[in-house]
Amino acid sequence: MSVSNNLVSIRANIPSNVKLVCVTKFHSDDTIMEAYNAGERIFGESRVQELIEKQERLPSDIHWHFIGHLQTNKVKYIAPFVELIHGVDSIKLLNEIDKQALKNNKIINCLLQIHIADEETKFGFSSDEIINLFQTNTLDNYPNIKICGLMGMATFTDDIQQVKEEFKSLKSLFDKIKQDFFADDDDFKEISMGMSDDYRIAIEEGSTMVRIGSSIFGNREY
């Protein structure tokens, strides 16, 4: 099946209020352009080097999202153009993003990553750490960052119920933070959860943004 056909079938399962982030890691420019020509404009990368190279070569109206684990020493390379950083998982990273945003005279949109999976390898703040960040007004220290919502990755498992519960917990945390700290802020609205294997469950549980790669582009071209 072609990329455009894959997109048609995926789009049929995504409500209009949910954003599709096409994950392009290890895929060629030609393959990405197939999605672009099918009307997609939001693309996600999880490796900084690859993102910089693609951003330079591909159309300038693409909205690039960084969706991987971001190291602080790499922030400066993507700060000038990145549209949204999904996985902000530490205070150290917040400090660096704010610093680089200031250097570029811009505000960088970010999602705070929450550790919802039953796996040690996943990154993210705990629910308690996140609530504490807001209660102590820590985020006021970063005027060049706009927090637009939360992001989480479910456990890699065939247990649909477990995945459901993990997504449910992220939605519930989002609702609490929205109500307590962002009631009047329309920009705090995104819940980035769901990938190729579990995006339908994520959408059912309240995702506003799904990150899909292999279901669109096929297996990665290493």
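Our subject is the structure listed above.
Let me sum up the structure you'll find in this document. (Residues numbered from 1 in each chain as written. Predicted model: local features only at pLDDT ≥ 70, side-chain atom pairs only at ≥ 80, totals over all residues. Heavy atoms only, no water.)

1. Concerning the overall build of the protein
Part 1 of the reasoning: Along the backbone of the protein there are nine helices and eight strands.
Part 2 of the reasoning: In terms of overall dimensions, the protein is globule-like: its C-alpha atoms have a radius of gyration of 17 Å, near the 17 Å expected for 222 residues.
Part 3 of the reasoning: Across its three principal directions, the C-alpha atoms of the protein cover 50 × 45 × 35 Å.
Part 4 of the reasoning: Taking all 222 residues of the protein together, the buried fraction comes to 51%.
Part 5 of the reasoning: In the protein, the share of contacts with a sequence separation of at least 24, taken over all contacts with a separation of at least 6, comes to 60%.
Part 6 of the reasoning: Put simply, the protein has 24 plus and 35 minus side-chain charges, and the middle of one group is 4 Å from the middle of the other. (Helix = DSSP H or I, 4+ residues; strand = E, 2+ residues; numbered from the N terminus. Rg over C-alpha atoms; globule rule 2.2 N^0.38 Å. Buried < 20%, exposed > 50% of the residue type's maximum accessible area, 1.4 Å probe, protein only. Contact = heavy atoms within 4.5 Å. Lys, Arg positive; Asp, Glu negative; His and termini not counted. Charge placed at Lys NZ, Arg CZ, Asp CG, Glu CD.)

2. Some words on the packing of aromatic side chains
Part 1 of the reasoning: The full count for this structure, using the stated rule, is five aromatic pairs.
Part 2 of the reasoning: Ring geometry for F134 and F181: centres 5.3 Å apart, planes at 20°, overall stacked. Of this pair, F134 sits in helix α6 (residues 127–135) while F181 is found in helix α7 (residues 160–181), placing the two residues 47 residues apart along the sequence.
Part 3 of the reasoning: Exposure remark for F134: the relative accessible area of 7% places this residue in the buried category. (Phe/Tyr/Trp six-rings, centres within 6.5 Å; stacked < 30°, edge-to-face > 60°.)

3. Comments concerning the layout of surface pockets
Part 1 of the reasoning: Volume-wise, the second largest pocket comes out at about 260 Å³.
Part 2 of the reasoning: Taken together, 13 residues form the lining of the second largest pocket, with F134, L139, D140, I147 and F182 sitting closest to its centre.
Part 3 of the reasoning: At the level of secondary structure, the elements contributing two or more residues to the lining of the second largest pocket comprise α6 and β6 (145–152).
Part 4 of the reasoning: With three residues, the top contributor of residues to the lining of the second largest pocket is β6.
Part 5 of the reasoning: Taken together, the residues of the lining of the second largest pocket sort by class into nine nonpolar, one polar and three charged. (1 Å grid on protein atoms, 1.4 Å probe; cavity = no way out; pocket = protein on both sides within 12 Å on 5 of 7 lines; lining within 4 Å. Points joined across faces, edges and corners; volume = space filled by probe spheres on them. Nonpolar A, V, L, I, M, F, W, Y, C, P; charged D, E, K, R; others polar.)

4. Observations concerning the pairing of strand β2 (residues 42–45)
Part 1 of the reasoning: With burial as the criterion, each face of β2 is covered, one bearing I42 and G44 and the other bearing F43 and E45.
Part 2 of the reasoning: Where strand β1 (residues 19–23) meets β2, two bridges bridge the pair, whose relative direction is parallel. Residue pairing across strands places V23 opposite G44, the latter belonging to β2.
Part 3 of the reasoning: As a crossover connection, the stretch from β1 through helix α2 (residues 29–37) into β2 is right-handed.
Part 4 of the reasoning: Summarising the sheet, β2 and strand β3 (residues 63–66) pair through four bridges and their orientation is parallel. Among the inter-strand pairings, I42 is bridged to a residue of β3, identified as H63.
Part 5 of the reasoning: In this fold, β2 hands off to helix α3 (residues 48–57), which returns the chain to β3; that crossover is right-handed. (Pairing = 2+ DSSP bridges. Right-handed = clockwise from strand over helix to strand, strands pointing away.)

5. What to know about the side chain of E166
Part 1 of the reasoning: For E166, the location among the structural elements is in helix α7.
Part 2 of the reasoning: Every residue in contact with E166, bar those within four places of it in the chain, is listed here: I116, A117, D118, A154 and T155.

6. A look at the side chain of K106
Part 1 of the reasoning: For K106, the position within the fold is in the loop between α5 (91–103) and β5 (108–114).
Part 2 of the reasoning: Salt bridges are absent for the buried K106, whose nearest opposite-charge side chain, E83, sits at 7.2 Å.
Part 3 of the reasoning: Polar contacts involving the side chain of K106 include one to the main-chain carbonyl oxygen of P80, which spans 3.4 Å.
Part 4 of the reasoning: Leave out the neighbours within four places in its chain, and K106 touches A79, P80, F81, V82, A101 and N144. (Salt bridge = Lys/Arg side-chain N within 4 Å of Asp/Glu carboxyl O. Polar contact = N/O pair within 3.5 Å; in protein donor to acceptor, adjacent residues only side chain to side chain.)

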